[in-house]
Structure formats: structure tokens, C-alpha cells
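Okay, here's what each chain looks like letter by letter:
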Amino acid sequence: MRTTSDESTVRLYYLGDDPDGGSAETLCYASLSQALQMAAEQPEDLQSGLFIATDNDVVAYLDLIEG
């Protein structure tokens, strides 16, 4: 992910693994730090489907925290 501030507004969403191509469910629009906190609070089995979108990039939550 391109460099961004902890206070930048991002979208945290869940993209399920529906084989028929489900839709993205927005969990929040918040600062990056708040979105990361909310993502960490989600059950582990859902975290693999979490993504964070900035103005110019999208990254999987687990990829972001694993570095």
C-alpha cells in the first residue's frame, strides 16, 4: 500500500468467498487506525476476507499486518 497517514480516511470492507461472486460489505469508513482496530476485532475466520481501500489503493488486511 502506498504510504498513508494513520488519520487518512479509508474504507474497511469484507469480501466473502461466495463462488457466485458475492458483493463487498462495507464495515466502516474511518481513519486508518480505527479501521485497523475494527479489523483486528473481527473473528479470525473473517479476517482473510477483509480489505482496506484508500483513495488510490486496496490491500488485504492480513497482507497489511503481516508486512
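Quick caveat, the model's predicted, so the values are computed rather than measured. (Residues numbered from 1 in each chain as written. Predicted model: local features only at pLDDT ≥ 70, side-chain atom pairs only at ≥ 80, totals over all residues. Heavy atoms only, no water.)

Looking at this structure, how should I read the overall build of the protein?
Helix and strand counts for the protein stand at 3 helices and 4 strands. Counting from the amino terminus, helix and strand elements in the protein follow one another as β-β-α-α-β-β-α. A burial count over the protein gives 27% of its 67 residues as buried. Partitioning the intrachain contacts of the protein with sequence separation of at least 6 by distance along the chain shows that 41% fall at a separation of at least 24. When the accessible surface of the protein is split by element, carbon and sulfur atoms take 43% of a total near 4400 Å². (Helix = DSSP H or I, 4+ residues; strand = E, 2+ residues; numbered from the N terminus. Buried < 20%, exposed > 50% of the residue type's maximum accessible area, 1.4 Å probe, protein only. Contact = heavy atoms within 4.5 Å. Areas by Shrake-Rupley, 256 points an atom, 1.4 Å probe, with all protein chains shown as cover.)

What exactly am I supposed to notice about the packing of aromatic side chains here?
Both the distance between ring centres and the angle between the ring planes are used here to describe each pair of aromatic rings. Within this structure, the stated rule accounts for 1 aromatic pair. The side chain of R11 reaches across the aromatic face of Y13, ending 4.3 Å from its centre. (Phe/Tyr/Trp six-rings, centres within 6.5 Å; stacked < 30°, edge-to-face > 60°. Lys NZ or Arg CZ within 6 Å of the ring centre and 35° of its normal.)

In this structure, what is going on with the sheet that holds strand 4 (residues 58–60)? I would like to understand it.
Hydrogen bonds between backbone atoms are what pair the strands of a sheet, whose relative direction is either parallel or antiparallel. If you walk across this open sheet you meet the 4 strands as 2-1-3-4, and the pairing is antiparallel. Looking at the sheet topology across the chains shown, the edges are occupied by strand 2 (24–31) and strand 4. For this sheet, the mean inter-axis angle between neighbouring strands, taken without regard to orientation, is 25 degrees. Bridge analysis of strand 3 (residues 50–53) against strand 4 gives 3 bridges, and the strand direction is antiparallel. Pairing of F51 across the sheet is with A60, part of strand 4. Of the strands in this sheet, strand 1 (9–15), strand 2 and strand 3 are in contact with helix 1 (residues 32–41), which crosses strand 2 at around 135 degrees. (Pairing = 2+ DSSP bridges. Axes fitted to C-alpha atoms, helices over the stretch in contact; angles between N-to-C directions.)

Any chance you could explain the nonpolar core here in plain terms?
A general trend in soluble globular proteins is that nonpolar side chains are found buried together. Grouped together as the largest cluster of nonpolar side chains are 11 residues: V10, L12, C28, A30, L32, A35, A39, L50, I52, V59 and Y61. Residue assignment for this core shows that the elements contributing at least two residues are strand 1, strand 2, helix 1 and strand 3. Those residues in contact with L50, other than ones at most four positions away along the chain, are L12, Y13, Y14, L27, A39, Q42, A60 and Y61. (Core = buried A, V, L, I, M, F, W, Y, C linked by side-chain atoms within 4.5 Å.)

Honestly, the side chain of Q47 in this entry has me stumped. Any pointers?
Inspection of the secondary structure assignment puts Q47 in helix 2 (residues 44–47). Assessed through its relative accessible area of 11%, Q47 is described here as buried. A polar side-chain atom of Q47 sits 3.3 Å from the main-chain carbonyl oxygen of A39. Leave out the neighbours within four places in its chain, and Q47 touches A39, A40, Q42, Y61 and L62. (Polar contact = N/O pair within 3.5 Å; in protein donor to acceptor, adjacent residues only side chain to side chain.)

Read these as geometric descriptors, not functional statements.
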